[in-house]
Amino acid sequence: MVNVNSFRKCIYVLLAFILVLTICLWKETRKGLYFSIRPESGYDNILIKMWRWGVLKEGTVQEEAVNDTSKVPLSTKASNTKINVTSKVTKSNLVTKPKKLPSYLKVWNKDSSSQSLHPRLQKARKTYLQINKYNVKYFGPKNTNKRKPKELLCQLRKRLNFGMITAADKPFSTSEWEPYLPKENINMELGRCAVVSSAGSMKSSHLGEEIDNHDAVLRFNGAPTRGFQVDVGEKTTIRLVNSQLITVEEQKFLTDVQYNFGTLIVWDPAPYHSTIQEWYRRPDYNFFASFKHYRKKYPEQPFYILNPYMQWQLWDILQENSPEDIQPNPPSSGMLGIVLMMNFCEEVDVYEFLPSKRQTNICHYYQKFFDQACTMGAYHPLLFEKNMVKHLNQGTDEDIYNYGKVTLTGLKNVQC
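In this report, the structure presented in the accompanying data block is examined.

With respect to the overall build of the chain
Turning to step 1, where the next piece is worked out: The helix and strand inventory of the chain stands at 14 helices and 13 strands.
Turning to step 2, where the next piece is worked out: Here the contacts in the chain between residues at least 6 apart in sequence split such that 71% fall between residues at least 24 apart.
Turning to step 3, where the next piece is worked out: As displayed, the chain has an accessible area near 21,600 Å², and 52% of this comes from carbon and sulfur atoms.

What follows is the structure in structure tokens.
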């Protein structure tokens, strides 16, 4: 019995010795020094391991996707980037001198094509091309060589009619319409503006304060601010709504107080390059009664009807600058709102029209409806709109990656 107890004690001592030895060896191999290189350009931290006994001659930065990158066509300039570090590592001073730190951020690729779409969305695009609901007949050029941003800005400035329907426009120039329509066109001269998309990726963005610091803010349809101020802010200068909203959800439109702030602008898809008279006879949604009803209830609030010419003028520019056929449907509310603010403002910051690292298939930050088409487009030519916006961006890829933020110049600043 004594021998057995002695044997057990020896075993325990041996196991304890092995355990201590293992821990010591593990600690010895882990005595490397870790630090982050944070370049001035603002890229995410890159982790580089510097061993205590030597100088790291060459490190490798591996690209890491924050989100499921299969959701959106992205561009990346370096997926396996080598950094040369020539400084010696000491305990008192860690200094690195990378010779080059190219961008490795994943952001929207301005040359994205329909081939990058999910097969379901590719099929939807082909279906809309065949249906051609609005009888689109485009005979203009298509992009072979991408125009410079300034040339594209000049196209937008010269060819888009930013007018609203007034009491002088036939067939609205009647006594029936006189109480409801403005006598003059909209006139806004704004400074630094924000366009806030309704994308699900706005949630948890914490951009509310930054958004509210702009001189003017445009929002879309029924996107709320109450309860979401931290992420989307609360200032509303203009709200762009579609005709479906004020027709199908008329009661909510009339009673929800969020629509009572700022200037309202409604738009309705018209037949391709139709006259105002033709569109008036067959609008996509017959919203005219709802418009009058709202104007009666809130006569002091500015409320405009967007001239139907602009949507197809913008579509022509999108098609002309795309190498393949785009959906023959009107541009999205998002794209219409962007160019409207480019006309009104000196500078425009657009949030989450191009997806950030928070990109998600949730359509709206205030709902739980999932559909990849909300980001990539099925009905609207969203993919090609995003290509154009990325091409015109005057901001940085870091702003897109971190905040979904694109900065565009006002059209009045462009010398054509």
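Examining the pairing of strand S10 (residues 263-267)
Remember that side chains alternate between the two faces of the sheet whenever the strand is regular.
Turning to step 1, where the next piece is worked out: Among the 5 residues of S10, 5 are classified as buried, and the element is accordingly described as predominantly covered.
Turning to step 2, where the next piece is worked out: The alternating pattern of S10 places Thr-263, Ile-265 and Trp-267 and Leu-264 and Val-266 on opposite faces, both of which are buried.
Turning to step 3, where the next piece is worked out: Looking at chain direction, strand S9 (residues 238-242) and S10 are connected through 5 bridges and run parallel. Residue pairing for S10: Val-241 is matched across the bridge by Val-266.
Turning to step 4, where the next piece is worked out: Note that S10 and strand S11 (residues 303-305) share 3 bridges and pair parallel. In the strand pairing of S11, Val-266 is matched with Ile-305.

Remarks on the packing of aromatic side chains
Turning to step 1, where the next piece is worked out: Tallied over the full model, the rule gives 25 aromatic pairs.
Turning to step 2, where the next piece is worked out: A centroid spacing of 5.8 Å and a plane angle of 90 degrees characterise the contact between Trp-177 and Phe-288, whose relative ring orientation is edge-to-face. Note that Trp-177 is positioned in the loop between helix H3 (149-159) and strand S7 (190-196) and Phe-288 in helix H9 (residues 288-297), a separation of 111 residues in sequence.
Turning to step 3, where the next piece is worked out: According to the relative accessible area criterion, Trp-177 is buried, its value standing at 0%.
Turning to step 4, where the next piece is worked out: Seen in terms of ring centroids, Trp-279 and Phe-288 are 5.6 Å apart; in terms of plane orientation they differ by 75 degrees. Their pairing is edge-to-face.
Turning to step 5, where the next piece is worked out: In this arrangement the basic side chain of Lys-386 is found over the ring face of Trp-108, its NZ or CZ atom lying 5.9 Å from the centre.
Turning to step 6, where the next piece is worked out: The ring of Phe-353 has Lys-386 lying over it, and the distance from NZ or CZ to the ring centre is 4.4 Å.

Looking at the nonpolar core
Taken as a class, soluble globular proteins show a tendency for nonpolar side chains to be buried jointly.
Turning to step 1, where the next piece is worked out: Ile-265, Trp-279, Phe-291, Leu-340 and Met-341 are the most contacted members of the largest nonpolar core, which has 87 residues in total.
Turning to step 2, where the next piece is worked out: Top contributing element to this core by residue count: helix H11 (residues 333-344), with 8 residues.
Turning to step 3, where the next piece is worked out: Setting aside residues up to four positions removed in sequence, Trp-279 forms contacts with Ile-165, Phe-172, Asp-268, Pro-269, Ala-270, Pro-271, Ser-274, Phe-287, Phe-288, Ile-305 and Pro-308.
Turning to step 4, where the next piece is worked out: Counting residues in hydrophobic clusters, the runner-up holds 10 residues, among them Ala-194, Met-202, Leu-207 and Tyr-365.

Brief notes about the environment of Lys-137
Turning to step 1, where the next piece is worked out: Position of Lys-137 among the secondary structure elements: in the loop between helix H2 (119-131) and H3.
Turning to step 2, where the next piece is worked out: Considered as a pair, Lys-137 and Tyr-272 are 135 residues apart in the sequence and their alpha carbons are 7.8 Å apart.

Some thoughts on helix H13 (residues 382-392)
Turning to step 1, where the next piece is worked out: For H13, a buried count of 11 out of 11 residues is recorded, marking the element as mostly surrounded by other parts of the structure.
Turning to step 2, where the next piece is worked out: Residues of H13 that are buried include every one of Leu-382, Leu-383, Phe-384, Glu-385, Lys-386, Asn-387, Met-388, Val-389, Lys-390, His-391 and Leu-392, and no others.

Thoughts on the sheet that holds strand S13 (residues 405-409)
Turning to step 1, where the next piece is worked out: In space, the 7 strands of this open sheet follow the order S11-S10-S9-S8-S7-S12-S13, with mixed pairing throughout. Across the chains shown, the open sheet's two edge strands, defined by having one partner strand only, are S11 and S13. Sheet twist, expressed as the mean angle between neighbouring strand axes with direction ignored, is 20 degrees.
Turning to step 2, where the next piece is worked out: Here S7 runs beside strand S8 (residues 216-220); their pairing, made up of 3 bridges, is parallel. Within S8, the residue paired with Ala-194 across the bridge is Val-217.
Turning to step 3, where the next piece is worked out: H11 rests against S7, S8, S9, S10, strand S12 (345-351) and S13 of the sheet, and its axis sits at about 155 degrees to S12.

Topic: the state of the cysteines
Turning to step 1, where the next piece is worked out: Applying the stated criterion across every chain, the model contains 2 disulfides.
Turning to step 2, where the next piece is worked out: Disulfide pairing is shown between Cys-154 and Cys-416; the S-S distance is 2.2 Å. For the disulfide bridge between Cys-154 and Cys-416, the dihedral angle about the S-S bond is near -105 degrees, and by the sign convention the bridge is left-handed. Remark: Cys-416 occurs in the segment after S13 and Cys-154 occurs in helix H3; sequence separation between them is 262 residues.

Considerations on the side chain of Arg-239
Turning to step 1, where the next piece is worked out: Tracing the backbone shows Arg-239 in strand S9.
Turning to step 2, where the next piece is worked out: The buried charged residue Arg-239 lacks any salt bridge, with Asp-256 as its nearest oppositely charged partner at 7.9 Å.
Turning to step 3, where the next piece is worked out: Here the side chain of Arg-239 touches Ala-223 through a polar contact of 2.9 Å, landing on its backbone oxygen.
Turning to step 4, where the next piece is worked out: The residues contacting Arg-239, other than those within four sequence positions of it, are Arg-219, Phe-220, Asn-221, Gly-222, Ala-223, Gln-258, Tyr-259, Thr-263, Leu-264 and Ile-265.

Procedures and definitions
Residues numbered from 1 in each chain as written. Predicted model: local features only at pLDDT ≥ 70, side-chain atom pairs only at ≥ 80, totals over all residues. Heavy atoms only, no water. Helix = DSSP H or I, 4+ residues; strand = E, 2+ residues; numbered from the N terminus. Contact = heavy atoms within 4.5 Å. Areas by Shrake-Rupley, 256 points an atom, 1.4 Å probe, with all protein chains shown as cover. Buried < 20%, exposed > 50% of the residue type's maximum accessible area, 1.4 Å probe, protein only. Pairing = 2+ DSSP bridges. Phe/Tyr/Trp six-rings, centres within 6.5 Å; stacked < 30°, edge-to-face > 60°. Lys NZ or Arg CZ within 6 Å of the ring centre and 35° of its normal. Core = buried A, V, L, I, M, F, W, Y, C linked by side-chain atoms within 4.5 Å. Axes fitted to C-alpha atoms, helices over the stretch in contact; angles between N-to-C directions. Disulfide = S-S within 2.5 Å. Lys, Arg positive; Asp, Glu negative; His and termini not counted. Salt bridge = Lys/Arg side-chain N within 4 Å of Asp/Glu carboxyl O. Polar contact = N/O pair within 3.5 Å; in protein donor to acceptor, adjacent residues only side chain to side chain.

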